[in-house]
Each structure stands twice: as structure tokens, then as C-alpha cells.
Amino acid sequence: MVEALNSAMDVMLARDPDVLIFGEDVGFFGGVFRVTDGLQQRYGEQRVFDAPIAESGQIAVAIGMGAYGLRPVVECQFADYIYPAFDQLVSEAARLRYRSAGEFNAPITVRAPYGGGIFGGQTHSQSPEGLFTHVCGLKTVIPSNPYDAKGLLISAIEDDDPVLFFEPKRLYAGPFDGHYEKPVETWAKHAAGEVPVGYYAIPLGKAAVARQGEALTILAYGTMVHVALAATAETGVDAEILDLRSLMPIDIEAITGSVEKTGRCLIVHEATRTSGYGAELSALVQERCFYHLEAPILRVTGWDTPYPREFEWEYFPGPLRVAEAIRKIMAG
Amino acid sequence: MKHDSSLRLHIPESRFRPGDVPDFNYLNLPKAGVAKRPKTDAKASETRDLAYGLVRVIDDAGAAVGPWDPKLDPETLRKGLRYMLLTRVFDDRMFKAQRQGKTPFYMKCTGEEAVSVAQALVLNRDDMCFASYRQQGLLIARDWPVFDLMCQIYSNTLDRLKGRQLPVLYSVREAGFFSLSGNLGTQYPQAVGWAMASAYKRDTKIAAAWIGEGASAEGDFHQALTFAAVYRAPVILNLSNNQWAISSSQGVAGGEETTFASRAVGFGFPGIRVDGNDFLAVYAVSRWAAERARNNHGPTLIEHFTYRAAPHSTSDDPSRYRPGDEYQRWPLGDPIIRLKGHLMRLGEWDEARHTALMAELEAEVDTANKKAQKLGVHGGGPYHDPSTMFEDVYKEMPWHLREQQAELALFREKKP
Ligand SMILES: Cc1ncc(C[n+]2csc(CCOP(=O)(O)OP(=O)(O)O)c2C)c(N)n1
Ligand SMILES: [Mg+2]
């Protein structure tokens, strides 16, 4: 997925002179996860450069550049470090268009690796998407595979509104279904691991069907798409798995269409549970599909604790927990 | 007069990258002994030269010179040497443990030992330290057992932080060491708050905080300076300028055209730039700042001018972004070798004693390490019970966490 993201930025830097990239260690070094590797060497220091360690400053500067007419892409080294920029995102980027009645806008993209799986502890593992989907004016995107990652990142950069682009860091090197004891896989054998060289865009706001099925609908995104696939295979239940890809805007037709067909719904995310994005999904499904539901909607999520470093796998909502929820819904 | 017809964006770049031959002549380092030493109630403006200069005490021949010479007795000097050496031996052993898979992560402070050890010897044990991840020397100089640190690094059954934290993000209240956050800079203004509380309570304790030059770009750094200045908080604000923030040079943090110490002058309190690899200089400047704080004259910002000899962390490979021999060419040397040289010049140390001390410390670290590893290591355990992860989120566990705790227990029973 690292190469796919790199390719998206490569394509956009080549196409649009107003695209520029900055963030901690993204310049000469190419980023601590190597996502911007080689871009400074290719496009020069004016377009790909290191930023001071000041996330609030980075986003604020990006907003100013965006208002001028550029399309800055900021790398936040870890999603866990985005909070210093919270005010700039929530009060500024999100509302610039609104408060100026369209005079100004902030066409910025903030990329940030999120999620667990690398023993990073509480400050390298968080999934803060729910904090941002709650804010009107921000878009939030989370890919689950290299093909989507590239097409979605290109759309995010081209989008005229501020987009938070969370990258599941555990998927950087290969698909991961929560079976941490199995050997690590690369993307080479995965259908969506192949990424076309040039430009292509995947529209924001469109979910993908990761698996077609009739028995129940699983709403997932990011790493949890793969976990849901594994859990489905293990239970033998014919689940339909929607990979939401774009959390805001949200593909409501895809969700209601699937739940109306299956009559059952499971929501999974790695983020903590209380007031998480799953709560919004659950409310939407309840409001719109109530008369189609044959069982209560369930959520499988991270526990409501900080990510405990040594207990990564006791914390991570793995296939065992997802499978159990599938069975419970099917019995309901 | 001709003008450029268009504006240009300046992007700072590191002077040296892999393949370059580093030449630090541009630093124009002042000689040891030349910096003046004002009274500890000095106004910010009286420290201007110190903020842009460099306090150095140990000269090239190993002698202590100038008004900043703290005139320490040999006993204290040997103590400093011992703690710095122990810090280095401990670091090397833990780095190796990471390479052996016993812990997922470690961070060394090689080359920066004086920054924490010298100040620890100045502070009282109950002065609270708000450190960054590169001040393990504080704990070591406060005689906190390396065994306890190892238990945290291995997340074993005696890890007082119960496997919750990234290795090296210690918390040792008993040794006046505030819980470390993984978020850079956040604790710098908290140190100011702790110091303000001490003043409010008419206590005698002061606080000390550390930040990297890279992290000093964060808003929290500037807020700390504002509050410290406004309330004349009894706090020592340390900034370790080790030239690098992972792969970014100090220029990216704003050090291209000025010093970090000079920031303080703008906020209205003294800033002093010190040779961070000179144990005596760090000691002297720390003592100056502590005296100032204890006498209600307020904060001091100390920029420790040093070099990060080690990789950023065990996850880092500096050969990708800086010349391999940059540290060898660093003109301010190694704090341990320099203090050793000074002691030898005084006739208070020799090679035989040094070798014996080294062997003693290696044995001490080795014994502690064996004992800690027996209690469990990363990946293999044993650990604390995972159900403890639900504790301490709140003082009292609410119903939903109790439910989640029970659910986890159920899954752990079912696990094949
Ligand atoms: C708020 C925040 N942003 C980014 C990071 C990631 N990060 C960890 S250490 C580091 C470099 C810090 O450099 P510096 O402050 O100079 O300290 P040094 O490592 O040199 O001691 C970065 C960017 C973080 N931990 N917290
Ligand atoms: Mg640094």
C-alpha cells in the first residue's frame, strides 16, 4: 500500500503544479513509513519538504496555502499526533467555506497512519476517525487495499474540501486479517494489490462490496475489512461485507440496500466503542432499515481503553470476536 | 535598485547528507572559559550574549577554566562519570535486547548523557523532572535501579506500568520523574504548572523539563515559555539540541538563523546556551538556573548544544539521511571521554580505574538484565493479567468497562 500511496502523490505532483507535500521527515528521508520516498528527489525541495514538528502549524499553514489556491498534502506522522491540530481542523478548515459563504475554502489533504498492529502502544495505535466524522465540513476517508488507496488519495487531493485520509498502518506492507500468529503476507497475491501506473480516481462517498452475501451485512473499513473477511470464512455464514472506504460522505444507498436485502447488520471498527463511528452507522441503519431487521444490530470494536502496548492482541477486535458476533446475530 | 520580480520560498536543508564530508567549522565555537557569568537574578537582557554564545568549561587540554567552573570536588566528578557510564552501558544492553527480540523498541541517549546526569546531580531528589524519552540518565543518577527500568522495557510481571506503555516511557513518582507521554512537547507546560503549584503552596521544590529542539516547534513549547515568564515559575526549561529530529536537521525546527536559547530572551527571561557535552558546563549552568528558581527569580531556558550519536530509536536507520561519520567529526566530542580526561588531568582518575569501573558497571547491568528477563520478556511473557488493561481508565470502573472486561475474559477462555 506504501507504493500505491506514493504513486498517487507522484501522479498528482506531476499533473498539478499546485500540489505540494510536507510533514515531519517526508522530504529527504521519504517519511518514517517511506510513503513519500523519492518524491523530493523527483520534484524538488520546493514541492516536497520537511515541516517543523508542530502539527497545528502544519495544518494551519496548509489552510493558508489552500486558501491561496494550492492543494497541500500534509503527512501527520501518526494519527495519534493530530490532536495539536484539532482546533485548526475543527474550527478552521471545516468551517472556512461556510463562514465565508464560499469565498474561501481549504482544499487540503491530511494523511495519517492509524490503527494498531505494530506494538506502538497508546500513542502509535489510535483510530481517531470518529472525532472527525463528527465535525461537519470535514471529509474522512480510509482505504483497505492498495488499489483503493491510490484512487481515493487522488480524489482526496482533487477534492475542494478538507479531507482526512487515514491509512491503516498495519496494511502498509500487506493484508492483515487479525491472525497475528500467521506468517506476514504481502500484497503481491492480493487482487487489489495490483496498482495501475497512471492516473485514476475513485470517487469519495462510494462504498465497495468486499464480499457479496445474503445472510447478513457487515459494515467495515480499513484493516477491519480483512478481519471481517476472515471471520466470515471461519463461520461459513454468507455475509455481505461492505468496505465503506469513505466515512464522510457516506454511501447510504449501499448500506440500506444491503441491510434491506440481508435483514441483519454487524458493525466493526478498531476504534473505541463509545460514541464511535459505529454508533452513527447503527443509528442510520436503525432509522432507515428498522422494519427489515430480523436481529439487533451489533458492534465489535476496540475496548474503551487506551491501546495497551503489550496486550495488543487482547485489545485488537480480531476474527474470533467478529465471528462470535456473526453467530449471535444469525441466532437472533 | 533592482528587485527580484517574484517571491521565492526558502526551504531549509541539512548541511550534510550521506556521501558528504561533514565540516563543522561554520559553528564558530567560542573557546572554553570566555563566557561571562551574571548573577542569578539577572534580567533577560543581561543573558543575551549567553543565549547566542556557548558556555564551556573544560578546555581542549582537559582543564576547567573560566567563571563558570563549578569547582566540583573529585568525588562528585567521579560520581558524574559513573552515572554517565552506567547510562551508556544500560543503553547498549537494551539496544541489544531489542535486536534479540526481547523488547520491540528502545531509545538510546548516547552522546547526551551529561544533559541529564549533570542536572540530576544539581537538583534535589524531590524536584520534579518532566523529561523526554532521552533522559534516562536522570533516573540513573537518582540511583533508581536499572532493573526496574528493564522490567518496564520487557513489560514483564514486575513492570509497574503493567505493560501499557511503550518501552522507555517510564513513570517513577518516587524518584521525582513524571510519567512520560509519547506526544512530544505536551509535558513542557505541565512542568510549569507543577512549578507554579509549588510556589502557590510556598514549597521549596522546583521543576525541570526537557524537550528536543525538534519538538520545540510545537505550540506547547511556546506556551510553556509564556506561562513560565508571566508567573515567574520556579522551573528549569531544558532544550536538548542534538542537531537532529529523526531525519530533520535543527534548521527545520527554526535553528538556522538563531539559537534556541535566544527564544527565552524574547519571552523575558534568561536563556543560556551550553556545551551539552561538557559535564562541568552543564552542571554549572544547571546550578545557576536552580539557584535562580529557588530564589524566586523565575525560569531559565537552557539550550544544551549536543549531538544525537545514536539512531533516533531502534526503528531508525540514520545512514539513510546523515553521513555515517558525522558524530566522529562533531567538534564537541563525547561527554564521557571529556570528563574522564578532566579527571585524569587532575590526577584523580586513570585508565586502570576506568577499565575496572567499566567492568563493574557491565556486570551490574548484566545481572539486572538476567534477573529482569527471567520475569518475562516481550512476545513471550509472562506479563500482567491482560484484564488489568481496564483498570485506571477511571478511578472507578464504570459499568461498560466492567462488561468489556468480562467479555475479554470470555474470549480468552475460548481462545484455541
Ligand atoms: C506530537 C508528536 N508529533 C510527532 C511525534 C513523532 N516523533 C517522535 S520523536 C520525533 C522527533 C523528535 O525530535 P527532537 O524533539 O529533536 O528530539 P530527539 O529525538 O532529537 O531527542 C518525532 C517527530 C510525536 N511523538 N509527537
Ligand atoms: Mg533532536
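How each quantity is defined
- Positions within a chain are numbered from 1, following the residues in the order the chain's sequence is written.
- Both sets of labels track the order of writing: A upward for chains, 1 upward for ligands.
- Totals for whole chains, interfaces and linings use every residue, but because this is a predicted model, local features are given only for residues with pLDDT of at least 70 and side-chain atom pairs only at 80 or more, for both listing and counting.
- The side-chain quantities take in all heavy atoms of the structure and omit both hydrogens and water.
- A run of H or I in DSSP counts as a helix once it spans at least four residues, and a run of E counts as a strand once it spans at least two, with each numbered from the N terminus.
- Every radius of gyration here is taken over C-alpha atoms, with the globule rule written as 2.2 Å times N^0.38, N being the number of residues.
- Using the Shrake-Rupley algorithm and a 1.4 Å probe, accessible areas are obtained, with residue cover drawn only from the displayed protein chains.
- Here Asp and Glu are counted as negative and Lys and Arg as positive; His is not counted, and neither are the chain ends.
- We put the charge of a Lys on NZ, of an Arg on CZ, of an Asp on CG and of a Glu on CD.
- Contact definition: two residues touch when any of their heavy atoms are within 4.5 Å.
- Reported buried area values correspond to the accessible surface (1.4 Å probe) lost by two parts on association, with both partners' losses combined.
- One side-chain nitrogen of Lys or Arg within 4 Å of one carboxyl oxygen of Asp or Glu is enough to make a salt bridge.
- In protein, a polar contact means a hydrogen-donor-capable atom and an acceptor-capable atom, both N or O and within 3.5 Å, with residues adjacent in sequence counting only if both atoms are side-chain atoms; elsewhere, any N or O pair within 3.5 Å suffices.
- Only Asp, Glu, Lys and Arg are considered charged, only Ala, Val, Leu, Ile, Met, Phe, Trp, Tyr, Cys and Pro nonpolar, and every remaining residue, Gly among them, polar.
- Using a 1 Å grid laid over the protein atoms alone, points where a 1.4 Å probe fits but cannot get out form a cavity; open sets with protein on both sides within 12 Å along at least 5 of 7 lines form a pocket; any residue with an atom within 4 Å of a point counts as lining.
- Grid points are joined across faces, edges and corners, and a volume is the space filled by probe spheres set on the points.
- When at least one non-hydrogen atom of a residue lies within 4 Å of a molecule or strand, that residue is treated as near it.
- Stacked, tilted and edge-to-face pairs are distinguished by plane angle, under 30 degrees for stacked and over 60 for edge-to-face with tilted covering the rest, among Phe, Tyr and Trp rings (Trp via its six-membered ring) whose centres lie within 6.5 Å.
- Only protein chains enter the accessibility calculation, which uses a 1.4 Å probe; a residue whose area is less than 20% of its type maximum is buried, one above 50% is exposed, and one in between is partly exposed.
- Counted as over-ring charges are cases with an Arg CZ or a Lys NZ within 6 Å of the ring centre that also lie within 35 degrees of the ring normal.
- Expected span of a helix: the number of residues minus one, times 1.5 Å.
- The rule for donors is simple: N, O or S, within 2.8 Å of the metal, or within 3.2 Å if the metal is Na, K or Ca. Water isn't counted, so a site may look like it is missing partners.
- Here, the term nonpolar core denotes a set of buried Ala, Val, Leu, Ile, Met, Phe, Trp, Tyr and Cys residues that are joined through side-chain atoms within 4.5 Å.
- Domain delimitation follows an automatic or database domain assignment.
- Counting rule for disulfides: a pair of cysteine sulfur atoms within 2.5 Å.
- At least two DSSP bridges between two strands are required for those strands to pair.
- Axes, fitted as lines to C-alpha atoms, cover a helix only where it is in contact. Angles between the N-to-C directions of the axes lie from 0 to 180 degrees.

Asker: In this structure, what is going on with the overall build of chain B? I would like to understand it.
Answerer: Assigned secondary structure in chain B consists of 13 helices and 7 strands. At 23 Å, chain B has a C-alpha radius of gyration in line with the 22 Å of a compact globule built from 416 residues. Based on the C-alpha atoms only, the size of chain B along its principal axes is roughly 80 × 60 × 55 Å. For chain B, the computed accessible surface area is about 18,100 Å², with 50% contributed by carbon and sulfur atoms. Side chains of chain B carry 53 positive and 51 negative charges; the gap between the two charge centres is 2 Å.

Asker: Would you mind going over the interface of chain B and chain A with me for this structure?
Answerer: Size of an interface, as often reported, equals the accessible area lost when the parts are brought together. Taken residue by residue, the interface counts 50 residues in chain B and 42 residues in chain A. Considering only the surface of chain B that becomes buried against chain A, Ile11, Met389 and Phe411 of chain B emerge as the three largest contributors, covering 15% of it. Put simply, chain B and chain A have 1 salt bridge between them. In this structure, the salt-bridge partner of lysine 414 of chain B is glutamate 324 of chain A, at a minimum N-O distance of 3.2 Å. At the boundary of chain B and chain A, one finds 18 residue pairs in polar contact (both at pLDDT 80 or more). Within the residue set of the side of chain B that touches chain A, elements represented by two or more residues are helix 5 (146–154) and helix 13 (399–414) of chain B. The element best represented in the side of chain B that touches chain A is helix 13 of chain B, accounting for 8 residues. For the side of chain B that touches chain A, the per-class residue count stands at 23 nonpolar, 15 polar and 12 charged.

Asker: Got a minute to help me understand empty space enclosed by the protein in this structure?
Answerer: Over the atoms rolls a probe the size of a water molecule, and in doing so it shows where empty space is left. Residue and element names in this part refer to chain B. Evaluated as defined, the whole model comprises 1 cavity of 30 Å³ or more. When its volume is computed, the largest cavity comes out at roughly 40 Å³. Every residue lining the largest cavity is listed: Asp148, Leu149, Gln152, Asp159, Arg160, Leu161, Tyr170, Ser171 and Val172. Looking at side-chain class alone, the lining of the largest cavity contains 4 nonpolar, 2 polar and 3 charged residues.

Asker: Which parts of the structure should I look at to understand the site of ligand 1?
Answerer: Near ligand 1 lie 20 residues; those nearest to it are Glu55 of chain A together with Tyr133, Arg134, Asn242 and Trp244 of chain B. Those chains with residues close to ligand 1 are chains A and B. Within the side chain of tyrosine 133 of chain B, a nitrogen or oxygen atom sits 2.7 Å from an oxygen atom of ligand 1. One nitrogen or oxygen atom from the main chain of alanine 215 of chain B is found 2.8 Å from an oxygen atom belonging to ligand 1. Within the complex, the protein chains bury 96% of what would otherwise be the 590 Å² of accessible surface of ligand 1. Tallied by class, residues from the shell around ligand 1 come to 8 nonpolar, 7 polar and 5 charged.

Asker: It is not clear to me how the packing of aromatic side chains should be interpreted in this structure. Could you clarify?
Answerer: Two descriptors summarise a pair of aromatic rings, namely the distance from one centre to the other and the angle between the planes of the rings. Scanning all chains against the criterion turns up 33 aromatic pairs over all chains. Measuring from centroid to centroid gives 5.8 Å for tryptophan 313 of chain A and phenylalanine 316 of chain A, while their planes differ by 75°, and the two rings are edge-to-face. Both residues of the pair, tryptophan 313 of chain A and phenylalanine 316 of chain A, belong to the buried class. Taken together, a centroid distance of 6.1 Å and an interplanar angle of 35° make the contact between phenylalanine 227 of chain B and tyrosine 231 of chain B tilted. For tyrosine 231 of chain B, a relative accessible area of 49% puts it in the partly exposed group. Taken together, the ring pairs connect Phe16, Phe24, Tyr26, Phe305, Tyr307, Tyr327 and Trp330 of chain B into an aromatic cluster. One Lys or Arg, arginine 34 of chain A, reaches over the ring of phenylalanine 29 of chain A and ends 4.8 Å from the middle of that ring. The cationic tip of arginine 17 of chain B hangs over the ring face of phenylalanine 28 of chain A; the distance from NZ or CZ to the ring centre is 4.0 Å.

Asker: Just checking my understanding: could you explain helix 8 (residues 223–235) of chain A for this structure?
Answerer: For an α-helix, the turn length of 3.6 residues means that residues three or four places apart are oriented alike. All names here are of chain A. Taking 1.5 Å of rise per residue, the 13 residues of helix 8 would be expected to cover 18 Å, and the 19 Å separating its terminal C-alpha atoms lies within 8% of that figure. Looking at helix 8, one finds that the buried residues are Thr223, Met224, Val225, His226, Val227, Ala228, Ala230, Ala231, Thr232 and Thr235. A positive phi of about 75° marks glycine 236, the residue just after helix 8.

Asker: Just checking my understanding: could you explain the coordination of the magnesium ion (ligand 2) for this structure?
Answerer: The reference angle at a metal is 109.5 degrees if four donors form a tetrahedron and 90 or 180 degrees if six donors form an octahedron. All names here are of chain B. The protein atoms donating to the magnesium ion (ligand 2) are Glu213 (OE), Asn242 (OD1) and Trp244 (O), with metal-donor distances spanning 2.1 to 2.2 Å. Along the chain, the residues donating to the magnesium ion (ligand 2) are arranged with the sequence spacing E-x28-N-x1-W. Tryptophan 244 matches asparagine 242 in its accessibility class, with the two residues each being buried.

Asker: Would you take a moment to explain the nonpolar core for this structure?
Answerer: The tendency in soluble globular proteins is for nonpolar side chains to be buried side by side. Grouped together as the largest cluster of nonpolar side chains are 112 residues, with contacts concentrated most on Leu89, Ile218, Leu219, Leu244, Leu266 and Val322 of chain A. Take this core: its biggest share by element is 7 residues, from helix 1 (residues 2–15) of chain A. Both domain 1 (2–171) and domain 2 (208–331) of chain A contribute no fewer than three residues apiece to this core. The contacts of isoleucine 218 of chain A, once residues within four sequence positions are left out, are Ala228, Thr232, Ala239, Glu240, Ile241, Leu242, Leu266, Val268 and Ile326 of chain A. Among the nonpolar cores identified, the runner-up in size contains 79 residues, and Trp68, Phe105, Phe147 and Phe279 of chain B belong to it.

Asker: What is the right way to read the state of the cysteines from this model?
Answerer: Such a bond, covalent and formed between the sulfur atoms of two cysteines, is termed a disulfide. Residues and elements named next belong to chain B. For the structure on display, the rule yields 0 disulfides over all chains. Of all cysteine sulfurs in the structure, the one in cysteine 129 sits closest to cysteine 109, which takes part in no disulfide; the separation is 14 Å. Overall, the relative accessible area of 1% leaves cysteine 109 in the buried class.

Asker: What should I look at first to understand the sheet that holds strand 9 (residues 239–243) of chain A in this one?
Answerer: In any sheet, the strands associate via hydrogen bonds between backbone groups, in a parallel or an antiparallel arrangement. All names here are of chain A. Reading across the sheet, the 5 strands line up as 7-9-8-11-12 and stay open at both edges, with mixed pairing between neighbours. Two strands close off the open sheet at either side, each with one partner strand: strand 7 (208–211) and strand 12 (298–302). Neighbouring strand axes in the sheet, compared pairwise and without regard to direction, differ in orientation by 25° on average. Bridge count for strand 11 (residues 265–272) against strand 12 is 4 bridges, and the pairing is parallel.

Asker: I keep staring at the domain arrangement of chain A and nothing clicks. Help me out?
Answerer: Residues and elements named next belong to chain A. When the domains of chain A are assigned, the result is domain 1 (2–171) and domain 2 (208–331). A separation of 26 Å is found between the C-alpha centroids of domain 1 and domain 2. Contact residues are listed per partner, giving 27 residues for domain 1 and 21 residues for domain 2. Roughly 2,000 Å² of surface becomes buried between domain 1 and domain 2 when both sides are summed, with 58% attributable to carbon and sulfur atoms.

Asker: Explain the pattern of salt bridges here, please?
Answerer: Here the idea is simple: oppositely charged side chains can pair when their charged atoms come close. Within the structure shown, the criterion is met by 40 salt bridges over all chains. As a salt-bridge pair, arginine 211 of chain A and aspartate 238 of chain A come within 2.9 Å of each other at their nearest N and O atoms. Taken as a pair, arginine 211 of chain A in strand 7 and aspartate 238 of chain A in the loop between helix 8 and strand 9 lie far apart in primary sequence, 27 residues in all. Accessibility expressed as a relative area gives 29% for arginine 211 of chain A, which makes it partly exposed. The partner of arginine 17 of chain B in a salt bridge is glutamate 13 of chain B, and the shortest N-O contact between them spans 3.2 Å.

Asker: What is the right way to read the environment of aspartate 159 of chain A from this model?
Answerer: Residue and element names in this part refer to chain A. Relative to the assigned elements, aspartate 159 resides in the loop between helix 7 (146–158) and strand 6 (163–168). Between the alpha carbons of aspartate 159 and valine 73 there is a distance of 11 Å; along the sequence they are 86 residues apart. In this structure, aspartate 159 is in contact with Arg71, Pro107, Lys139 and Leu204, ignoring residues within four places of it in sequence.

Asker: Looking at this model, I keep getting lost on the sheet that holds strand 4 (residues 109–114) of chain A. Mind explaining?
Answerer: Residue and element names in this part refer to chain A. The strand order across the open sheet formed by 7 strands is 2-1-3-4-6-5-10, and the pairing between neighbours is mixed. Of all strands in the sheet, those bounded by a partner on one side alone are strand 2 (48–50) and strand 10 (246–248). With direction set aside, neighbouring strand axes in the sheet form an average angle of 20°. Relative to strand 2, strand 1 (residues 19–23) runs parallel, the two sharing 3 bridges. Bridged to glycine 23 within strand 2 is aspartate 50. Across the sheet, helix 7 lies against strand 1, strand 3 (71–75), strand 4, strand 5 (139–141) and strand 6, angled at about 160° from strand 6, the strand it touches most.

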